[in-house]
Amino acid sequence: QVQLVESGGGLVQAGGSLRLSCAASGRTFSRYVMGWFRQAPGKEREFVAGITWTGGAAYYADSVKGRFTISRDTAKNTVYLQMNSLKPEDTAVYYCAAAPFSLPIPTMRRNYDYWGQGTQVTVSS
């Protein structure tokens, strides 16, 4: 079955960096969009970034544009989220997700069929 396994979360000071990884298995993802979402305590899960598996298109939430970069390694079946200039408001559980291919890249949670278990990112001030 499809598995998405996130890793790389942790505790970092404001201004620091982290790189999250999402290892995907169980099917061919060439016709999928891979996304990162996050959910802070008491808040809705929100879109962070998405990328087509071919890498031809990427899209970011305004709140992370210029600070976060999404990428993928098709040989490793892994998607990454490089997070720089982290802020305390970036603190959340980060989830990897997969959606059937569509453009523009979907940003709604309901468009994504597969989800990982999440990895905690905590940014201290």
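Our subject is the structure listed above.
Residues numbered from 1 in each chain as written. Predicted model: local features only at pLDDT ≥ 70, side-chain atom pairs only at ≥ 80, totals over all residues. Heavy atoms only, no water.

A.B. asks: If you had to explain the state of the cysteines to someone new, which residues and values would you point to?
C.D. replies: Per the counting criterion, the structure on display carries 1 disulfide. Between the sulfur atoms of Cys-22 and its disulfide mate Cys-96 the distance is 2.1 Å. Taking the torsion about the sulfur-sulfur bond, which here is approximately -75°, the covalent link between Cys-22 and Cys-96 counts as left-handed. Of the two residues, Cys-22 is situated in strand β3 (residues 18–25) and Cys-96 in strand β9 (residues 92–100); the sequence distance between them amounts to 74 residues. (Disulfide = S-S within 2.5 Å. Helix = DSSP H or I, 4+ residues; strand = E, 2+ residues; numbered from the N terminus.)

A.B. asks: A description of the packing of aromatic side chains should follow, citing residues and the corresponding values.
C.D. replies: Counted according to the given criterion, the structure contains 9 aromatic pairs. Where Phe-29 meets Trp-53, the ring centres are 5.7 Å apart and the plane angle is 40°; that geometry is what we call tilted. Of the two residues, Phe-29 is situated in the loop between β3 and β4 (32–39) and Trp-53 in the loop between β5 (46–52) and β6 (58–60); the sequence distance between them amounts to 24 residues. The class for Phe-29 is buried, based on a relative accessible area of 2%. Centre to centre, the rings of Tyr-112 and Trp-115 are 6.1 Å apart; their planes meet at 55°, and the pair counts as tilted. (Phe/Tyr/Trp six-rings, centres within 6.5 Å; stacked < 30°, edge-to-face > 60°. Buried < 20%, exposed > 50% of the residue type's maximum accessible area, 1.4 Å probe, protein only.)

A.B. asks: How would you summarise the pattern of salt bridges if you had to cite specific residues and measurements?
C.D. replies: If charged atoms from side chains of opposite charge come close, those side chains can pair. Scanning the entire structure with this criterion turns up 4 salt bridges. A salt bridge links Asp-90 to Arg-38; the shortest N-O distance between them is 2.9 Å. Residue Asp-90 is located in the loop between β8 (78–83) and β9, and its partner Arg-38 is located in strand β4; the two are separated by 52 residues in the primary sequence. Arg-38 carries the same exposure label as Asp-90, and that label is buried. Through salt bridges that share partners, Arg-38, Glu-46, Arg-67 and Asp-90 make up one connected network. (Salt bridge = Lys/Arg side-chain N within 4 Å of Asp/Glu carboxyl O.)

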